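# Summary of the model geometry
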Amino acid sequence: MKSDEQLRNDVSEQLRWEPSIHESEVATSVKDGVVTLSGYVDSFAEKYVAVRAIERLNGVIAVVDNLEVNLPSSHRRPDTDIAHAAVTALKWDITVPDDRIKMTVRDGWITLEGDVMWQYQKSAAERAVRNLIGVKGVTNLIALHPPKASVLDVSAKIKDALRRTAELDAERITVEARDGSVTLRGTVHSYAERRDAERAAWSAPGVSKVDDRIAVAF
């Protein structure tokens, strides 16, 4: 396991490596594999990239996101303009069933609601709007109503997907499925692997909820 000092150096280098992040604006602290990010960034897109960049690091168990978005004056937009841009962005994304999604915008914060069949559609809707100028944050409340699938079929498809991912040891992960809810248990070697396992679970037919209880062990 990396020491806190080693991981702190990796965090600093990672933030410096990402060209879309102003590393000098982000303060970091590390304790027992938990990385806390604080400070101010110029956009929600930068905040998102910063968190995901740190999650990919080997040795990171969890990321605490205390970053705040402080929009420069050139990026500030009325909520009406943001709403119009967000509606257009959803319509132009072929993976988003925009007719099933509603939104509200308040002080630059977008809240998405509605219902879709697949997790990738829910994720695509959030991705379509988070990089828009003037957006300070996104709350994704879109509900999932997936097609029905048998419990055995769901479990088998998730295990098969885990085996196809070279970075994951499928035998270290157990899958429990019941009424569309999936629980993942076991251990992986990084936070990124944990996210890969969760993504595989969401891709199975019939899944409406994933309870990720996988531990990161070194």
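Keep in mind the model is a prediction, meaning the values are calculated, not measured.

### Here we look at the packing of helix α1 (residues 4-17) against helix α2 (residues 44-55)
Interaxial distance between α1 and α2 falls to 10 Å at its minimum, and their mutual angle equals 135 degrees. Between α1 and α2, the angle falls in the class oblique. Regarding α1 and α2, the two cross each other, and that crossing is right-handed. Across the interface between the two elements, V11, Q14 and L15 of α1 pack against A50, A53 and I54 of α2. When grouped by side-chain class, the residues that make up the contact of α1 with α2 number five nonpolar, one polar and no charged.

### Re helix α4 (residues 119-130)
When the terminal C-alpha atoms of α4 are compared, their 17 Å separation across twelve residues agrees well with the 16 Å that a helix rising 1.5 Å per residue should span. Across the twelve residues that make up α4, a large majority, nine, are buried.

### Digging into the sheet that holds strand β10 (residues 209-216)
With mixed pairing, three strands are arranged side by side in an open sheet as β8-β9-β10. The open sheet has two edge strands with one neighbour each: β8 (173-178) and β10. When strand polarity is set aside, the average angle formed by the axes of neighbouring strands in this sheet is 10 degrees. Note: strand β9 (residues 181-188) against β10, eight bridges, orientation parallel. For V182, the partnering residue across the bridge sits in β10 and is V210. The sheet strands contacting helix α6 (residues 191-202) are β8, β9 and β10, and the helix crosses β10 at an angle near 155 degrees.

### Looking at the nonpolar core
Among soluble globular proteins, nonpolar side chains are generally buried collectively. Among the nonpolar cores identified, the biggest contains 58 residues, and I54, L162 and V182 are the most heavily contacted of them. Filtering out sequence-adjacent residues up to four positions away, L162 remains in contact with L168, A170, I173, V175, A197 and A200.

### Observations regarding the environment of R130
Inspection of the secondary structure puts R130 in helix α4. Since its relative accessible area comes to 11%, R130 is described here as buried. A C-alpha to C-alpha distance of 8.8 Å links R130 and A86, two positions 44 residues apart in sequence. A distance of 3.5 Å separates a polar atom in the side chain of R130 from a polar atom in the side chain of Y48.

Conventions adopted
Residues numbered from 1 in each chain as written. Predicted model: local features only at pLDDT ≥ 70, side-chain atom pairs only at ≥ 80, totals over all residues. Heavy atoms only, no water. Axes fitted to C-alpha atoms, helices over the stretch in contact; angles between N-to-C directions. Helix = DSSP H or I, 4+ residues; strand = E, 2+ residues; numbered from the N terminus. Parallel < 35°, antiparallel > 145°, perpendicular 65-115°, else oblique. Left-handed = near helix turned anticlockwise from the far one by under 90°. Contact = heavy atoms within 4.5 Å. Nonpolar A, V, L, I, M, F, W, Y, C, P; charged D, E, K, R; others polar. Expected span 1.5 Å × (residues − 1). Buried < 20%, exposed > 50% of the residue type's maximum accessible area, 1.4 Å probe, protein only. Pairing = 2+ DSSP bridges. Core = buried A, V, L, I, M, F, W, Y, C linked by side-chain atoms within 4.5 Å. Polar contact = N/O pair within 3.5 Å; in protein donor to acceptor, adjacent residues only side chain to side chain.

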